[in-house]
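# Coordinate inspection notes
Listed here are the chains, written in short residue letters.
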Amino acid sequence: LFDGVYPFYPQQRKAAGFDISTIIVIVVFLTLACSFLLIIPGIRGRARLYWTLRVLLSLFVGLVIVVVQFTGDWETGWVQANTSYKSFSHAVVSADIGLHIGLSGVNITLKGNPVNQINETINYNEHFSWSFDADYDHSYSQGLEKGLPSPILYVAEKFTSQSPCAVHRQYRISGHYASATLWVAFCTWIISNILFSMPALVYGGYMLLITGAFTIFSLLSFSTVRNSPMCPIHIGTATLHVAYGGSFWLILVIGLLCFVAGITIVALHHLNLDLLKTFFDLREDKAEEYQEMAEVYVNPHFVNKGL
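Residues numbered from 1 in each chain as written. Predicted model: local features only at pLDDT ≥ 70, side-chain atom pairs only at ≥ 80, totals over all residues. Heavy atoms only, no water.

Moving on to the overall build of the protein. The number of helices and strands found in the protein is 10 helices and 7 strands. Counting across all 307 residues of the protein, residues that qualify as buried make up 39%. Of the contacts made within the protein by residues no fewer than 6 positions apart, 66% connect residues no fewer than 24 positions apart. Summed over all atoms, the accessible surface of the protein reaches about 18400 Å², with 62% contributed by carbon and sulfur. (Helix = DSSP H or I, 4+ residues; strand = E, 2+ residues; numbered from the N terminus. Buried < 20%, exposed > 50% of the residue type's maximum accessible area, 1.4 Å probe, protein only. Contact = heavy atoms within 4.5 Å. Areas by Shrake-Rupley, 256 points an atom, 1.4 Å probe, with all protein chains shown as cover.)

Structure (structure tokens):
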């Protein structure tokens, strides 16, 4: 042993708290937000508040649209149960079993209650991907070879392509199209920001409406999985149920926010253009906009000639 660990054997993996792609996206958007906050003192007057509100809301919308591509809580479920720990063993443990479904796969969590039982640390978080460039059944077979705990394998088996539940294809296609529509929404979000900076305010408002529409389309695409009833997941005497998670409701909020912002901009363009220009810091000084000549000078030479 070297410091209590066998040096020539792989150590037990730790349960991951965050996906690395999620952390990268959050850091990028936080960097953009901090860069803007550094220049905000250079904006004078009430325009400083308007700029801050517009930029931070826009960055929040873009951040959410990208981050939910990598999250695993579009559908979630938890249950606490007493269950067998591993195959060919009579050991029973008390554990919390979690199911976290994302657009590209499923995370299954097993955490002992307490964590240390039967001389082991029971804290697992295994990911099984069903994206088009991954093989879910192969990942499941690898889990069998590694000897993962029985509750994880039991839940993962429900989503295999050979399972009688027949939800693998539905989740795979629904997640794929939900992801594709969200990337389109991200593109229209970028175009709306470009139009606001040109400035072409009413067309930026139209693009915000399109952004909201595509986010709602992604929700409709993912919600089609409810057309295939989920098989009951019985763990011990308890049953694991899933419901829409945080990412689903967050995208719904973003879609409604884009609709409200887009409708407001289009309405103000037709009803009160001055107020809209004030919010976007585009109003010109009235003295310059309606400049009038204070005095008129006439050449008397031409007046005497009747010209």
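Let us now look at the pairing of strand β4 (residues 120-129). Bridge analysis of strand β3 (residues 105-117) against β4 gives 9 bridges, and the strand direction is antiparallel. Along β4, the bridge assignment pairs T109 with N125. (Pairing = 2+ DSSP bridges.)

We now examine the nonpolar core. Core analysis: the biggest nonpolar cluster contains 61 residues, and W74, L99 and F159 have the highest contact counts within it. Three or more residues apiece are contributed to this core by two domains, here domain 1 (20-72 + 169-227 + 245-280) and domain 2 (75-166). When residues no more than four places from it in sequence are discounted, the contact partners of F159 are L99, I101, W130, Y136, V167, H168, Y171 and M230. With 6 residues, the next largest nonpolar core counts L208, I265, L276 and F280 among its residues. (Core = buried A, V, L, I, M, F, W, Y, C linked by side-chain atoms within 4.5 Å. Domains from an automatic or database assignment.)

Moving on, we get to the packing of helix α5 (residues 168-197) against helix α6 (residues 201-223). Contact geometry for α5 and α6: axes closest at 8 Å, N-to-C directions at 170°. Between α5 and α6, the crossing angle belongs to the class labelled roughly antiparallel. Looking at the contact of α5 with α6 residue by residue, the classes come out as 18 nonpolar, 10 polar and no charged. (Axes fitted to C-alpha atoms, helices over the stretch in contact; angles between N-to-C directions. Parallel < 35°, antiparallel > 145°, perpendicular 65-115°, else oblique. Nonpolar A, V, L, I, M, F, W, Y, C, P; charged D, E, K, R; others polar.)

Under the UniProt annotation, the feature "transmembrane region" (unreviewed entry) is placed at residues 20-39, 51-70, 177-196, 203-222 and 242-268. For residues 51-70, helix accounts for 85% and strand for 0%, while the C-alpha atoms at its two ends are 30 Å apart. (UniProt positions renumbered as here; feature names shortened; annotations may be inferred.)

With that settled, the discussion passes to the sheet that holds β3. Here we have 5 strands laid out as an open sheet, ordered β4-β3-β2-β1-β7, and antiparallel in their pairing. Pairing within the sheet leaves two strands with one partner each, and these edge strands are β4 and β7 (243-244). Those strands touched by helix α4 (residues 150-157) are β1 (75-84), β2 (92-101), β3 and β4, and its axis lies near 160° from that of β3.

Per-residue pLDDT for the protein averages 83, and the proportion of residues at 70 or more is 85%. Within the model, the stretch residues 285-294 combines pLDDT values under 50 with 2 contacts to residues more than four positions away or in other chains. (pLDDT = per-residue confidence, 0-100.)

Of the pairings in the sheet, the one linking β2 to β3 comprises 7 bridges and is antiparallel in character. Its bridge partner being in β3, D96 is matched across the sheet by K111. Two successive antiparallel strands, β2 and β3, enclose a turn made up of 3 residues.

Below, the discussion takes up the pattern of salt bridges. Inspection of every chain in the model, using the stated rule, returns 1 salt bridge. Across the salt bridge formed by K146 and E126, the nearest N and O atoms sit 3.8 Å from each other. Residue K146 is found in helix α3 (residues 136-146), and its partner E126 is found in strand β4; the two are separated by 20 residues along the sequence. (Salt bridge = Lys/Arg side-chain N within 4 Å of Asp/Glu carboxyl O.)

Glancing now at the state of the cysteines. Tallying each qualifying case throughout the model produces 1 disulfide. One disulfide in the model links C165 with C231; its S-S distance is 2.2 Å. On the sign convention where negative means left-handed, the S-S torsion of about -135° between C165 and C231 marks this disulfide as left-handed. Taken as a pair, C165 in the loop between α4 and α5 and C231 in the loop between α6 and β5 (233-235) lie far apart in primary sequence, 66 residues in all. Here C165 falls in the buried class, since its relative accessible area comes to 9%. (Disulfide = S-S within 2.5 Å.)

Under the definition given, this model contains 19 aromatic pairs. Here W183 and F186 contribute two aromatic rings whose centre-to-centre distance is 6.0 Å and whose plane-to-plane angle is 85°, an arrangement assigned as edge-to-face. Of this pair, W183 and F186 are both found in helix α5, 3 residues apart, which corresponds to roughly one turn of the helix. Residue class for F186 comes out buried when judged on its relative accessible area of 17%. (Phe/Tyr/Trp six-rings, centres within 6.5 Å; stacked < 30°, edge-to-face > 60°.)

We now examine α3. Within α3, burial applies to Y136, Y140 and G143. Summarising the axial view, the buried residues of α3 lie within an arc of 55°, below the 170-degree limit, and thus occupy one face. Of the surrounding secondary structure, the elements contacted by the buried residues of α3 are β3, β4, α4 and α5. The N-cap of α3, judged by a side-chain oxygen 3.2 Å from the amide nitrogen of D137 a few residues on, is D135. Directly after α3, the chain includes G147, whose backbone phi takes a positive value near 75°. (Arc of directions from axis to C-beta. Polar contact = N/O pair within 3.5 Å; in protein donor to acceptor, adjacent residues only side chain to side chain.)

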